[in-house]
Amino acid sequence: MKKLKIFLGVFLALSLTQCDVLEDVAGSVTSGSGTGDEGNKLTNDEVIAGLKEALKIGIDKGATKASALDGFYKNPKIFIPWPEDAQKVKDWAIDKGMDGKVNEIEEKFNRAAETASAKAKPIFVNAITGMTVSDGFAILNGSDTAATHYLRKTTWSPLKGEFKPVVHDAVESVEVMKYWEPVANGYNKIAKITGKDEVNTDIDEYVTNKGMNGLFYLISEQEKKIRLDPVAQVTDLLKKVFGSVMNN
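Residues numbered from 1 in each chain as written. Predicted model: local features only at pLDDT ≥ 70, side-chain atom pairs only at ≥ 80, totals over all residues. Heavy atoms only, no water.

> Could you give an account of the overall build of the protein, naming the residues involved and the relevant values?
If you tally the helices and strands in the protein, you get 10 helices and 0 strands. Secondary structure elements in the protein, listed N-terminal to C-terminal, are α-α-α-α-α-α-α-α-α-α. If you take every contact in the protein between residues at least 6 apart in sequence, the share linking residues at least 24 apart comes to 81%. (Helix = DSSP H or I, 4+ residues; strand = E, 2+ residues; numbered from the N terminus. Contact = heavy atoms within 4.5 Å.)

> Got a sec to walk through a positive patch on the surface? Specific residues and values, please.
Taken together, the side chains of Lys61, Lys65, Lys77 and Lys225 define a basic patch exposed on the protein surface. Topologically, Lys61 is positioned in helix H3 (residues 44-67). (Patch = residues over 30% accessible without salt bridge, like charges linked within 9 Å, V, L, I, M, F, W, Y side chains within 5 Å. Areas by Shrake-Rupley, 256 points an atom, 1.4 Å probe, with all protein chains shown as cover. Salt bridge = Lys/Arg side-chain N within 4 Å of Asp/Glu carboxyl O. Lys, Arg positive; Asp, Glu negative; His and termini not counted. Charge placed at Lys NZ, Arg CZ, Asp CG, Glu CD.)

> An account of unusual backbone geometry is needed here, citing residue identities and associated values.
The phi angle at Asp70 is positive, at roughly 70 degrees, despite the residue not being glycine. You can see Asp70 is positioned in the loop between H3 and helix H4 (87-95). Positive phi, close to 60 degrees, is recorded for Glu175, a residue that is not glycine. Topologically, Glu175 is positioned in the loop between helix H7 (146-173) and helix H8 (176-194). Judged by its relative accessible area of 40%, Glu175 is partly exposed. (Buried < 20%, exposed > 50% of the residue type's maximum accessible area, 1.4 Å probe, protein only.)

> Which residues make up empty space enclosed by the protein, and what values go with them?
As enumerated under the stated definition, the model contains 1 cavity of 30 Å³ or more in all. By volume, the largest cavity is sized at about 50 Å³. Every residue along the wall of the largest cavity is listed here: Leu51, Ala54, Leu55, Gly58, Ile139, Ala147, Ile219, Glu223, Arg227 and Phe242. For the lining of the largest cavity, the secondary structure elements donating two or more residues are H3 and helix H9 (204-228). The dominant element in the lining of the largest cavity, judged by the number of residues it contributes, is H3, at 4 residues. A per-class count over the lining of the largest cavity returns 7 nonpolar, 1 polar and 2 charged. (1 Å grid on protein atoms, 1.4 Å probe; cavity = no way out; pocket = protein on both sides within 12 Å on 5 of 7 lines; lining within 4 Å. Points joined across faces, edges and corners; volume = space filled by probe spheres on them. Nonpolar A, V, L, I, M, F, W, Y, C, P; charged D, E, K, R; others polar.)

> Describe in detail the side chain of Glu114, supporting the description with residues and values.
Considering the arrangement of structural elements, one finds Glu114 in helix H5 (residues 99-127). A relative accessible area of 4% places Glu114 in the buried class. What Glu114 contacts, discounting residues up to four positions off in sequence, is Ala66, Ser67, Ala68, Leu69, Asp70, Gly71, Phe72 and Tyr73.

> Provide a residue-level description of the environment of Val133, including the pertinent values.
Inspection of the secondary structure puts Val133 in helix H6 (residues 133-140). Residues Val133 and Ala49, 84 residues apart in the sequence, show an inter-C-alpha distance of 9.8 Å. Those residues in contact with Val133 that sit more than four places away from it in its chain are Asn44 and Ile48.

> Run through H8, naming residues and quoting values.
Because the α-helix completes a turn every 3.6 residues, residues three or four places apart line up on one side. Spanning 19 residues, H8 covers 27 Å between terminal C-alpha atoms, matching the ideal 27 Å at 1.5 Å per step. Along H8, the residues that are buried comprise Val176, Met177, Tyr179, Trp180, Val183, Ala184, Gly186, Tyr187, Asn188 and Ala191. Residues of H8 that are buried sit in contact with H4, H5 and H7. Two residues or fewer after H8 comes Gly195, characterised by a positive phi angle close to 80 degrees. (Expected span 1.5 Å × (residues − 1).)

> Describe in detail the environment of Val102, supporting the description with residues and values.
Relative to the elements of secondary structure, Val102 occurs in helix H5. Using a relative accessible area of 3% as the deciding quantity, one classes Val102 as buried. Residues Val102 and Trp180 lie 78 residues apart in sequence; the distance between their C-alpha atoms is 8.5 Å. For Val102, the residues in contact, after removing those within four places along its chain, are Trp82, Lys90, Ala93 and Ile94.

> So, the packing of H7 against H9: which residues are in play, and what are the values?
The packing of two helices is summarised by the inter-axis angle and the distance between the axes. Orientation of H7 relative to H9, taken along the N-to-C sense of each, is 140 degrees, at an axis distance of 8 Å. Relative to H9, H7 is oriented oblique. In the crossing of H7 with H9, the sense of the turn from one axis to the other is right-handed. Within the contact of H7 with H9, the residues separate by chemical class into 13 nonpolar, 8 polar and 7 charged. (Axes fitted to C-alpha atoms, helices over the stretch in contact; angles between N-to-C directions. Parallel < 35°, antiparallel > 145°, perpendicular 65-115°, else oblique. Left-handed = near helix turned anticlockwise from the far one by under 90°.)

> An account of the confidence of the model for the protein is needed here, citing residue identities and associated values.
Here the protein shows a mean pLDDT of 77. Residues at 70 or above account for 81%. No element of the protein has a lower mean pLDDT than helix H2 (residues 19-30), at 31, and none a higher one than H9, at 90. Counting contacts from residues 1-38, a segment whose pLDDT is below 50, to residues more than four positions away or on other chains yields 45 contacts. (pLDDT = per-residue confidence, 0-100.)

> Can you explain H5? Please cite residues and give values.
In this model H5 runs 41 Å from its N-terminal to its C-terminal C-alpha over 29 residues, within 8% of the 42 Å that 1.5 Å per residue would give. Its maximal kink placed at Lys119, H5 deviates by approximately 45 degrees, while the proline Pro122 follows within four residues. (Bend = angle between axes of the 7 residues up to and from the residue.)

Here you go:
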């Protein structure tokens, strides 16, 4: 287990602030002089299982929070605003006295993301099954959101392929296009006459990207808690894995 102790020592060292303490801790663990019972030492399998469990808990709590009523709409950290590249449509609509319609559209964007998030959990959970030992140690040696970054890096494209149809169904269920298309089409009619660029009336891609970014943000917040807060380490395995990181 010398290799494991080296990685755990480096991870702990990175979480401290004073250089002399860094050197003492890293040197102690590298040389095998750390404390702890032999029976409590972690195996590679336990490390990987613990990280997967942390991600599953983060996914579960993040998706539950996102899919709740107002999970996106009243959370300024993940609220989905009017598309930046369609700001001219928003300005045009407000100028025409359609402020209420603009607000309704923004609400529908967020309702679609909330609806899609409720169905996203199994997609994310299935995506972490391939984590290897080297992946696990890289995560332990990384930042306080390293597991979330791993999930984003390894799953973004395939997840998007599965998540986008869910968003599309959500967009349909909350009738986003019923509100969006009249405004966007109204603008495009004027744009044709005046020679301005038209806007794309398909908002599935926009809501998908914003919704996934919001979910990853919530998962990262849960990961931070699990790493740093013993209260958030709700299973024995999490306590063993992250407790060992902090105690060796």
